[in-house]
Amino acid sequence: MKWRVWAVTITKIVELEVTGGSRFLLPQATYDEVLPIDWLRPHFADQHGRLKMSIHALVVETRDRRIIVDTCLGNDKQSRQIPTCNNLHGPFLADLAAAGYPRQSIDTVLCTHLHVDHVGWNTMLVDGHWLPTFPAARYLMGRVELAHWNGPSGRDDIEAVLADSVRPVLDAGLVDPVETDHRICEEVALVATPGHTPGHVSVHIASQGEEALITGDFMHHPCQMARPGWSSTADTDPQLARATRERMLAQLAGTPTLVVGTHFAGLTAGRIVRDSDAFRLEM
C-alpha cells in the first residue's frame, strides 16, 4: 500500500495483522460499544465488533532520503510480555526489499517511541549476536524517550527489549538523540504528541502544499476518533494521552492532511472529519 504526498512517497510494509484479541489494549472497546460505530466496518472492525489492527512499518521516501518509521516486532525476539510476539520468523525484510527498499538502502530509522512493536527490526540476529538491521542508517530516537526508558524499569520484558533492540544500535554508535520537534529533512519533521510515552512523536510530511501525518500511537485504532476518551492501557499518562489525542483530532479535522495510522489495518489512511461531537476517518 502506497500514498503520494506530492514528491514524497509513503509505503506500508506489514509485519502482521490481527482481528480481535485487542481488549487488553483498549478495554473499553467491547463488541457492544464498537458495533454502533458503523463506519469502522469493514476496514477497522468486523461484523461482530472485533477490532482489526496492524503492526507495520512506513517507509517515507523523499528526493534524497529513505526513512523507515517504526520497525515493528522483529524476528527471533524472546522474553516478550505477549507470547505470540516471541520467536517470530516472518518475511518482513524480504517484503521490504520486494517493495524496492532493501535494508542496506535505508538511510534513516525513526522510532516514534521505544515500545516493543516499534523497535524490533532495529536489529537482527546474526550468529547469536544482535546487529543493526540497517547498517547505513542513522537511528533517530527521542532524547526524552531515551532518558525515560534507560532508567530502571523493574520489568524483565522492558529490559529484554532494550537489550536486543535498542542498546545494540546505541553501542554501534548509530543513534542520534533528537528533540521532539526535530526536522529530519526539508519535507519531514517531528511533532510532539506526548502521553502514550513521555517523548512520543508523530511525523509530519509536507511537499508542495500537500501534507500527511503518521500518527505513531497517540491513537492505536480509529475507534478512538469516535471515542477520544478511550485511552490505551499502554499509555504512560492516560490523561495527557487523551488531551493530546483530542488536540490533534481537533487540529486535523476538516483539513486535507492525510492521516496514516501506525496501527490502522485495512486502508490505513484517510482524512479526519467531525462527526457530531466526535470524529471519523473519511477514506
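Residues numbered from 1 in each chain as written. Predicted model: local features only at pLDDT ≥ 70, side-chain atom pairs only at ≥ 80, totals over all residues. Heavy atoms only, no water.

### Considering the pattern of salt bridges
Counted according to the given criterion, the structure contains 14 salt bridges. The closest approach of N and O atoms between glutamate 187 and arginine 63, which form a salt bridge, is 3.0 Å. Pair noted here: glutamate 187 is in the loop between strand 9 (175–178) and strand 10 (188–192) and arginine 63 is in the loop between strand 3 (52–61) and strand 4 (66–69), with a separation of 124 residues, a long-range link. Residue class for arginine 63 comes out exposed when judged on its relative accessible area of 61%. One salt-bridge network, held together by shared partners, links Arg63, Glu186 and Glu187. (Salt bridge = Lys/Arg side-chain N within 4 Å of Asp/Glu carboxyl O. Helix = DSSP H or I, 4+ residues; strand = E, 2+ residues; numbered from the N terminus. Buried < 20%, exposed > 50% of the residue type's maximum accessible area, 1.4 Å probe, protein only.)

### Re the confidence of the model for the protein chain
Scored by pLDDT, the protein chain has a mean of 97; 99% of the residues are at 70 or more. Element-level mean pLDDT values for the protein chain span from 95 in helix 4 (residues 156–171) up to 99 in strand 4. (pLDDT = per-residue confidence, 0-100.)

### So, the side chain of serine 232
Tracing the backbone shows serine 232 in the loop between helix 5 (223–226) and helix 6 (238–252). There is a polar contact of 2.9 Å between the side chain of serine 232 and the backbone nitrogen of alanine 234. (Polar contact = N/O pair within 3.5 Å; in protein donor to acceptor, adjacent residues only side chain to side chain.)

### Here's the deal with the packing of aromatic side chains
Summed over all chains, the structure comprises two aromatic pairs. For the pair phenylalanine 44 and phenylalanine 264, a centre-to-centre distance of 6.2 Å together with 65 degrees between the ring planes defines the contact as edge-to-face. A residue pair is termed long-range when its members are at least 10 positions apart, and phenylalanine 44 in the loop between helix 1 (31–34) and strand 3 and phenylalanine 264 in the loop between strand 13 (258–260) and strand 14 (269–275) qualify at 220 residues. Each member of the pair, phenylalanine 44 as well as phenylalanine 264, carries the same accessibility label: buried. A ring pair is formed by phenylalanine 92 and tryptophan 121, whose centres lie 5.6 Å apart and whose planes are at 15 degrees; its orientation type is stacked. (Phe/Tyr/Trp six-rings, centres within 6.5 Å; stacked < 30°, edge-to-face > 60°.)

### Some details on the sheet that holds strand 15 (residues 278–282)
A sheet is described by the order of its strands in space; here six strands give the open sequence 10-11-12-13-14-15, paired in mixed fashion. On the outer flanks of this sheet lie strand 10 and strand 15, each paired with one strand and no other. When strand polarity is set aside, the average angle formed by the axes of neighbouring strands in this sheet is 35 degrees. Relative to strand 11 (residues 201–207), strand 10 runs antiparallel, the two being bridged by five bridges. Residue pairing for strand 11: alanine 192 is matched across the bridge by valine 201. Seen against the sheet, helix 6 touches strand 10, strand 12 (210–214), strand 13, strand 14 and strand 15 and runs at an angle of roughly 95 degrees to strand 14. (Pairing = 2+ DSSP bridges. Axes fitted to C-alpha atoms, helices over the stretch in contact; angles between N-to-C directions. Contact = heavy atoms within 4.5 Å.)

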